[in-house]
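# Structural overview for review
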Amino acid sequence: MNDVPVECNLAFVIICLRELVNSKCWMNPFPKLGAADWKQIGALDYHDDLTPLGVHLARLPLDPQIGKMILIAGLFRCADPITSTAAGISFKSPFYTPLGFEQTVDRVKPELSDGIRSDHLLTHKALRGFREARESGRLSEYCYRKFLSNSILTQLENMKKQFTDHLRVARVRSVTEINDFTLTPKNSFTESADVTAESLNVNFNNLPLLRAIIASGIESTSYFLT
């Protein structure tokens, strides 16, 4: 069997190993592979120790970039659009393009985006319309007219719920609490299980903020294993 390079993201593994180092459960030196990338996303400091963000990322069962986006969205109260974006990045676009309808689909997307020139936020617009169409009983018509996959939209909605659950489990920690793993955290990133709750989306329409959060989560940290 030929050895074929496999692309995978080692960020979650390496950050978890670093947490073991900090908690003195792992005595070997921290792997240096890609440390600059973990520093770039703010998971490690210049001494290769976990930052407060890195501690949270190590405890989330998510790609670190996606986890970072979701945590920041919880802090800045824009959970709905950012979890939609994170789901789209993690899975796939809900749009499909039938043969011969390429130009039609290209016209539909700008109409759905409400003038926002962002493929990532377009996924959020599609999901918001999906929820509204489902509540009004027009789901089949909506998906047909907008060239959207019902099954993919449903999967993205489920992922958004999972992301919100992760936010509820994650806790805001002070530096002192992070250095002492025996302390019990007190403050949650979110008090609601509903990702569309008003309290979680005070800044849902702040485009510069949304773009900054998305940009923080789309840097590549992929490596090739042979």
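Residues numbered from 1 in each chain as written. Predicted model: local features only at pLDDT ≥ 70, side-chain atom pairs only at ≥ 80, totals over all residues. Heavy atoms only, no water.

The protein chain has the name Helicase-associated domain-containing protein in an unreviewed UniProt entry, where Glossina palpalis gambiensis is given as its organism.

Within the fold, Thr51 resides in the loop between helix 2 (35-40) and helix 3 (52-58). By relative accessible area, Thr51 is classed as buried at 15%. (Helix = DSSP H or I, 4+ residues; strand = E, 2+ residues; numbered from the N terminus. Buried < 20%, exposed > 50% of the residue type's maximum accessible area, 1.4 Å probe, protein only.)

Here helix 11 (residues 207-216) has its buried residues at Leu209, Leu210, Ile213, Ile214 and Ser216. Here the buried residues of helix 11 occupy an arc of 160 degrees about the axis, which is enough to place them on one side. Looking at the buried residues of helix 11, the elements they touch are helix 4 (64-76), helix 5 (79-90) and helix 7 (119-136). (Arc of directions from axis to C-beta. Contact = heavy atoms within 4.5 Å.)

This brings us to the packing of helix 5 against helix 7. Packing of helix 5 against helix 7 leaves a shortest axis separation of 8 Å and a crossing angle of 110 degrees. As the angle between them shows, helix 5 and helix 7 are arranged roughly perpendicular. The segment helix 5 lies against helix 7, with Asp80, Pro81, Ser84, Thr85, Gly88 and Ile89 engaging His120, Leu121, Thr123, His124, Leu127 and Arg131. Grouping the amino acids of the contact of helix 5 with helix 7 by side-chain chemistry returns 4 nonpolar, 6 polar and 2 charged. (Axes fitted to C-alpha atoms, helices over the stretch in contact; angles between N-to-C directions. Parallel < 35°, antiparallel > 145°, perpendicular 65-115°, else oblique. Nonpolar A, V, L, I, M, F, W, Y, C, P; charged D, E, K, R; others polar.)

Let us look at the environment of Arg145. Tracing the chain through its elements places Arg145 in helix 8 (residues 139-146). Given a relative accessible area of 56%, Arg145 falls into the exposed group. A sequence separation of 37 residues divides Arg145 from Val108, and the C-alpha atoms of the two residues are 8.4 Å apart.

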